[in-house]
Amino acid sequence: MSRMQRSATTDDGRRRDLVRPPAPEPLPLPVTDTHCHLDIGDGGDDDTFGPDQAIAAAADVGVNRIVQVGVSLPSSVVAVDLARRYSSVVAAVALHPNEAPRLAVDGELDDALAGIDRLAGAGDIVRGVGETGMDRFRTGPDGIPAQEESFRGHIEIARRRELALVIHDRDAHGDILRVLEDADLPERVVFHCFSGDAEMARYCARRGWFLSFAGTVTFKNAGSLREALAAVPLEHVLVETDAPFLTPHPHRGRPNASYLVPLTVRAIAEVVGRDLEAVCSTIQHNTEMAFGTW
Ligand SMILES: [Zn+2]
Ligand SMILES: [Zn+2]
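My aim in this report is to walk through the structure given alongside it, one point at a time. What you see is a predicted model; the values in this text were computed from it and never measured.

Here we look at the coordination of the zinc ion (ligand 2)
Here's step 1: Taken together, His35 (NE2), His37 (NE2), Glu131 (OE) and Asp242 (OD) make up the full set of protein donors to the zinc ion (ligand 2), lying 2.1 to 2.3 Å away.
Here's step 2: Here the zinc ion (ligand 2) and the zinc ion (ligand 1) are spaced 3.6 Å apart, linked through glutamate 131, which binds each one. Taken as a pair, histidine 35 in strand E3 (residues 31–36) and glutamate 131 in strand E6 (residues 126–135) lie far apart in primary sequence, 96 residues in all.
Here's step 3: Assessed through its relative accessible area of 0%, histidine 35 is described here as buried.

Now the structure itself:
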């Protein structure tokens, strides 16, 4: 896209501001973006902003590590490659819940799962299996059985390979908890972009699972998500961008990248009523509990 183009029209007809938001004030202590898609273009007006720039801009504001997340077999290969290339990046590999039904229709789900299993064994640079889970927002009832089969397959891989299970849960809390109840789980379970209410948050924390909060927790209309955050011990909280999606307030709709994590961390500190240093160091410690150190 032309560098002169400063806005675009989305599918639903809204104008999108493509100007990259300014860097926020750096954090006093480092944190990790636990869920990012460095390989998905964000439509920003500066088309020179690739993984090199995204990683450097993040480090400048105290976001010193990134978990790069795959959503298909090819993008999981990319995730592993990025983790090989950058010492600050580790990979999670998976078929996205909305990818699974498409693969199942073509009879390719089993082969794709075997491919994910092989990538999950690529060594210490791979720390998670995900994002997997259920999504009733983009997948209709016909696709749900394949989605659940894929989710269960990923759980099995994560458990056998002793990796963190990274869960995508969109409008599917009941399904996710039902599957987690009767599956043999890995030791570490992470709800990426947690979207449940306070009751679900308490339940997840009691089970020892991690809740990763994205820019959504900064949105004006996210009162119930902030209640969920306030309802759990900080020891269960992680932070992420899900970049290039879910840009935090006040830049909602503009391109997202890991360097905007400080906006979400500051919002978390405000909600839990703790000072920023304590929040950064606790979240960083939690990240190491969930994904190890690197
Ligand atoms: Zn997701
Ligand atoms: Zn994601």
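A look at the coordination of the zinc ion (ligand 1)
Here's step 1: Looking at the zinc ion (ligand 1), one finds its protein donor set to be Glu131 (OE), His168 (ND1) and His192 (NE2), positioned 2.0 to 2.1 Å from the metal centre.
Here's step 2: Between the donor residues of the zinc ion (ligand 1), the gaps in sequence give the motif E-x36-H-x23-H.

A word on helix H2 (residues 73–85)
Here's step 1: With 13 residues, H2 extends 19 Å from end C-alpha to end C-alpha; this agrees with the ideal 18 Å at 1.5 Å per step.
Here's step 2: Every buried residue of H2 is listed here: Ser75, Ser76, Ala79, Val80, Leu82 and Ala83. The arc enclosing the buried residues of H2, seen along the axis, measures out at 160°, which places them on a common side. The exposed set on the far side of H2, more than 90 degrees from its buried face, consists of Pro74, Arg84 and Arg85.
Here's step 3: In the core, the buried residues of H2 are packed alongside helix H1 (51–60), strand E4 (63–69), strand E5 (89–93), helix H4 (109–120) and E6.

A few points about the packing of H4 against helix H5 (residues 144–161)
Here's step 1: Axis separation between H4 and H5 bottoms out at 10 Å; the angle between their running directions is 25°. Relative to H5, H4 is oriented roughly parallel. As H4 packs across H5, the resulting crossing turns out to be right-handed. In this structure, H4 contributes Leu109, Asp110, Leu113, Ile116, Asp117 and Ala120 to the contact, and H5 contributes Ala146, Glu149, Ser150, Gly153, His154, Ile157, Arg160 and Arg161.
Here's step 2: Considered class by class, the residues forming the contact of H4 with H5 number six nonpolar, three polar and five charged.

A few points about the layout of surface pockets
Here's step 1: The computed volume of the second largest pocket comes to approximately 280 Å³.
Here's step 2: Along the walls of the second largest pocket sit 22 residues, with Leu38, Ile40, Gly41, Asp42 and Phe49 positioned nearest its centre.
Here's step 3: Of the residues in the lining of the second largest pocket, the class split is 10 nonpolar, seven polar and five charged.

Focus: the sheet that holds E3
Here's step 1: Pairing is parallel across the open sheet formed by eight strands, whose spatial order is E3-E4-E5-E6-E7-E8-E9-E10. Every interior strand has two partners, whereas the edge strands, E3 and strand E10 (237–239), have only one. Across the sheet, the mean angle separating the axes of adjacent strands is 30° when strand polarity is ignored.
Here's step 2: Where strand E8 (residues 189–192) lies against strand E9 (residues 210–213), two bridges are found, and the strand directions are parallel. Paired with phenylalanine 191 across the two strands is leucine 211, which belongs to E9.
Here's step 3: Across the sheet, H2 touches E4, E5 and E6, and the angle it forms with E5 is around 160°.

Procedures and definitions
The written sequence of each chain sets the order in which its residues are numbered from 1. The lettering of chains begins at A and the numbering of ligands begins at 1, in the order of writing. Per-residue local features of the predicted model are confined to residues with pLDDT of at least 70, and side-chain atom pairs are confined, for both listing and counting, to 80 or more; whole-chain, interface and lining totals are unaffected and use all residues. Remark: hydrogens and water are excluded; side-chain values derive from all non-hydrogen atoms of the structure. Metal donors were taken as nitrogen, oxygen and sulfur atoms no farther than 2.8 Å from the ion, or 3.2 Å where the ion is Na, K or Ca. Water is excluded, so coordination may look unfinished. Numbering of helices and strands runs from the N terminus; a helix is a DSSP stretch of H or I covering at least four residues, while a strand is a stretch of E covering at least two. The buried label applies to any residue whose accessible area, calculated with a 1.4 Å probe on protein chains only, is under 20% of its type's maximum; exposed applies above 50%, and partly exposed to all values in between. An expected span of 1.5 Å times one less than the residue number is assigned to each helix. By definition, the arc is the one covered by directions from the helix axis to the C-beta atoms. We call two residues in contact whenever any of their non-hydrogen atoms come within 4.5 Å of each other. The axes are straight lines fitted to the C-alpha atoms, using for helices just the contacting stretch, and the angles between their N-to-C directions are given from 0 to 180°. Orientation is classified from the angle alone, with under 35 degrees giving roughly parallel, over 145 giving roughly antiparallel, 65 to 115 giving roughly perpendicular, and any other angle giving oblique. Two helices cross in a left-handed way if the nearer one is turned anticlockwise from the farther one by less than a right angle. They cross in a right-handed way if the turn is clockwise. For this scheme, ten residues count as nonpolar: Ala, Val, Leu, Ile, Met, Phe, Trp, Tyr, Cys and Pro. Four count as charged, namely Asp, Glu, Lys and Arg, and the remainder, Gly too, count as polar. Put plainly, a pocket is an open set of points on a 1 Å grid over the protein atoms alone with protein on both sides within 12 Å along at least five of seven lines, a cavity is a set where a 1.4 Å probe fits but cannot get out, and a lining residue has an atom within 4 Å of a point. Grid points are joined across faces, edges and corners, and a volume is the space filled by probe spheres set on the points. Here, strands pair whenever DSSP counts at least two bridges between them.

In short, geometric facts, not functional conclusions.
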